[in-house]
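If you want the building blocks of each chain, they are given just below.
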Amino acid sequence: MSESSPKESFEFEGKTIDEAIAKACNELNLSREKLNIEILTEGAAGFLGLVGGKKARISASILSFNMDFDETPGEAPLAATKQKAAESGGTEAGDTALEARELTKGILQRMGFDFPVTAREDGESVTIDIEGDGSGILIGKGGQTLDALQYLVNKALNKNGTDRKRIILDTENYRSKRESSLEALALKLGEKAKRTGKPVTVNPMNAHDRRIVHLALQEDKELTTRSRGEGAFRKIIILPGKKG
Amino acid sequence: MDGDTMKDLIKYIAQALVDHPDQVDVSEVVGEQTSVIELRVTKEDLGKVIGKQGKTAKAMRTILSAASSKLNKRSVLEIIE
């Protein structure tokens with residue numbers, strides 16, 4: 001793009017999140033898909049039927065990638081996105097993030113955790129971030145509480161079978177911490193397999209965690225990783241020996 | 001009062017999962033240390049609250065125990081057919 005406009009973000013208000021998003025689309029003249037929406041506050045009137053004066057506020061930034069390959073940047077793509085916005089009705093894409101956030105908040109409140117929850121939508125997935133109190137009670141042993149919550153939120157929002165976005169729940173940066181500790185574990189066990197020349201079995205893990213371990217050892221030409229077992233008992237075996 | 005919170009929690013989650021939220025019924029049997037939360041849904045929705053290999057039920061139980069441990073008590077979830 002000729003004019004490189006770095007991540008500018010704009011704030012919008014509305015009675016509901018949807019209204020605010022629609023406003024953002026309108027003002028910026030872009031379709032919902034071209035915007036990165038962050039929910040700042042939700043309207044108070046909505047979910048629990050409380051009547052309050054609080055307005056919904058969102059922050060919208062324009063997604064950086066652009067698809068205008070033609071000679072006239074500016075004119076043509078704008079018209080195209082305008083048309084697209086008209087076709088899709090504009091607001092519908094923000095629903096998943098909003099619903100996921102509401103549901104997460106609702107469950108947390110009933111669990112006795114009144115933590116702030118924010119939603120971020122990025123392309124394929126929606127990330128719900130829960131601001132914990134640092135106690136880790138929400139994470140649980142091996143992340144089981146957070147995973148259970150994430151599973152239920154995904155189930156509830158995907159019950160209609162239409163293919164919707166994957167929802168990721170995170171708190172206190174648990175997901176990225178978990179990822180680095182799994183990588184470290186993978187490398188350590190990989191070394192052990194090489195040293196002893198015997199296969200090393202890793203404790204059963206879910207698909208997401210297994211993937212991290214597989215990827216961590218993918219580059220190592222002296223090791224092969226395989227998964228064995230079924231369902232919740234599926235685990236990785238690290239085998240010494242050449243790939244292939 | 002505490003019991004109501006757990007009942008509420010399960011009802012809220014179950015209603016989000018099923019196709020017929022109006023037919024979700026939750027009751028509680030209060031014990032000395034442990035309370036039993038009984039969840040009833042329509043037959044068609046039974047699969048939705050149990051899930052593949054009981055995964056959904058297990059997730060609800062995990063949430064329930066996290067919530068009740070905060071109140072220093074124990075709760076058990078029973079899904080009644």
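Every chain's residues receive numbers from 1 upward, in the order its sequence appears when written. Throughout, the order in which chains and ligands are written sets their labels, letters from A for the former and numbers from 1 for the latter. Local features in this predicted model are restricted to residues of pLDDT 70 or higher, and side-chain atom pairs are both shown and tallied only at a pLDDT of 80 or more, whereas totals for entire chains, interfaces and linings draw on every residue. Excluded from the side-chain calculation are hydrogens and water; included are all heavy atoms of the structure.

Enquirer: Even after reading the chapter, I still don't get the overall build of chain A, so can you show me in this structure?
Expert: In this text, helices come from DSSP runs of H or I with a minimum length of four residues, and strands from runs of E with a minimum of two, each type numbered from the N-terminal end. When you go through chain A residue by residue, the secondary structure sums to six helices and nine strands. Out of the 244 residues belonging to chain A, those deemed buried represent 38%. Across chain A, contacts joining residues at least 24 apart in sequence account for 59% of those joining residues at least 6 apart. Here the open area of atoms and residues is found with the Shrake-Rupley method and a 1.4 Å probe, where only the protein chains shown may cover a residue. Accessible area for chain A stands at about 14,000 Å²; split by element, carbon and sulfur atoms hold 51% of it. To sort residues, take the accessible area from a 1.4 Å probe on protein chains only and compare it with the maximum for the residue type: under 20% means buried, over 50% means exposed, and anything in between is partly exposed. Here, residues are in contact when the closest pair of their heavy atoms is within 4.5 Å.

Enquirer: Can you help me understand the sheet that holds strand β7 (residues 200–201) of chain A in this one?
Expert: Residue and element names in this part refer to chain A. Strands pair, by our definition, only if DSSP identifies at least two bridges between them. One open sheet holds the three strands; their spatial order is β7-β9-β8, and the pairing between them is antiparallel. Of all the strands in the sheet, just β7 and β8 (223–228) have a single pairing partner and so form its edges. With six bridges joining them, β8 and strand β9 (residues 235–240) adopt antiparallel strand pairing. By the bridge assignment, Thr 224 is partnered in β9 with Leu 239. Packing against the sheet, helix α6 (residues 207–218) makes contact with β8 and β9, and its axis sits at approximately 165° to β8. Helix axes are fitted only over the stretch in contact, all axes being lines through C-alpha atoms; the angle between N-to-C directions runs from 0 to 180 degrees.

Enquirer: Would you mind showing me how to read the interface of chain A and chain B here?
Expert: By a widely used convention, the size of an interface equals the accessible area lost when the partners come together. Contacts between the two partners involve 19 residues from chain A and, on the opposite side, 21 residues from chain B. Put simply, buried area is the surface a 1.4 Å probe can reach on two separate parts but cannot reach once they are joined, added for both. Counting the surface lost from both chain A and chain B, the interface buries some 1,800 Å², and carbon and sulfur atoms represent 72% of this. On the chain A side of the contact with chain B, Arg 110, Leu 152 and Lys 159 of chain A bury the most area, a combined 35% of that side's loss. Definition used for salt bridges: Asp or Glu carboxyl oxygen within 4 Å of a side-chain nitrogen of Lys or Arg. For the pair chain A and chain B, the interface holds zero salt bridges. In protein, a polar contact means a hydrogen-donor-capable atom and an acceptor-capable atom, both N or O and within 3.5 Å, with residues adjacent in sequence counting only if both atoms are side-chain atoms; elsewhere, any N or O pair within 3.5 Å suffices. At the boundary of chain A with chain B, the tally comes to one residue pair in polar contact (both at pLDDT 80 or more). A per-element tally of the side of chain A that touches chain B places helix α4 (residues 144–157) of chain A first, with eight residues. Per-class residue counts for the side of chain A that touches chain B are 11 nonpolar, four polar and four charged. Under this grouping Gly is polar, as are all residues other than the nonpolar Ala, Val, Leu, Ile, Met, Phe, Trp, Tyr, Cys and Pro and the charged Asp, Glu, Lys and Arg.

Enquirer: For this particular structure, what's the right way to read helix α3 (residues 55–70) of chain B?
Expert: For the α-helix, the turn length of 3.6 residues means that residues three or four positions removed from each other point alike. All names here are of chain B. Multiplying 1.5 Å by the residue count of a helix minus one yields the expected span of that helix. The terminal C-alpha atoms of α3 lie 23 Å apart, and with 16 residues this matches the ideal 22 Å at 1.5 Å per residue to within 8%. Taken as a whole, α3 has its buried residues at Thr 56, Ala 57, Ala 59, Met 60, Thr 62, Ile 63, Leu 64, Ala 66, Ala 67 and Ser 68. Where α3 terminates, the next one or two residues include Asn 72, which has phi positive at roughly 55°.

Enquirer: Can you walk me through the side chain of Thr 104 of chain A in this structure?
Expert: Residues and elements named next belong to chain A. By the element assignment, Thr 104 lies in helix α3 (residues 95–111). Looking at Thr 104, the relative accessible area reads 0%, which means it is buried. At 2.6 Å, the side chain of Thr 104 forms a polar contact with the backbone oxygen of Ala 100. Not counting residues up to four positions away in its chain, the partners in contact with Thr 104 are Ile 128, Ile 130, Val 153 and Leu 169.

Enquirer: Got a minute to help me understand a positive patch on the surface in this structure?
Expert: Side chains of Lys 155 of chain A together with Lys 52, Lys 55 and Lys 58 of chain B sit close together on the surface and give a patch of like positive charge. Its relative accessible area of 48% is what places Lys 55 of chain B among the partly exposed residues. For patch detection, residues must exceed 30% relative accessible area and be free of salt bridges, and they are connected within 9 Å for like charges or within 5 Å for nonpolar side chains (Val, Leu, Ile, Met, Phe, Trp, Tyr). We treat Lys and Arg as the positive residues and Asp and Glu as the negative residues; His and chain ends play no part in the count. Where a charge sits is defined by one atom per residue type, namely NZ (Lys), CZ (Arg), CG (Asp) or CD (Glu).

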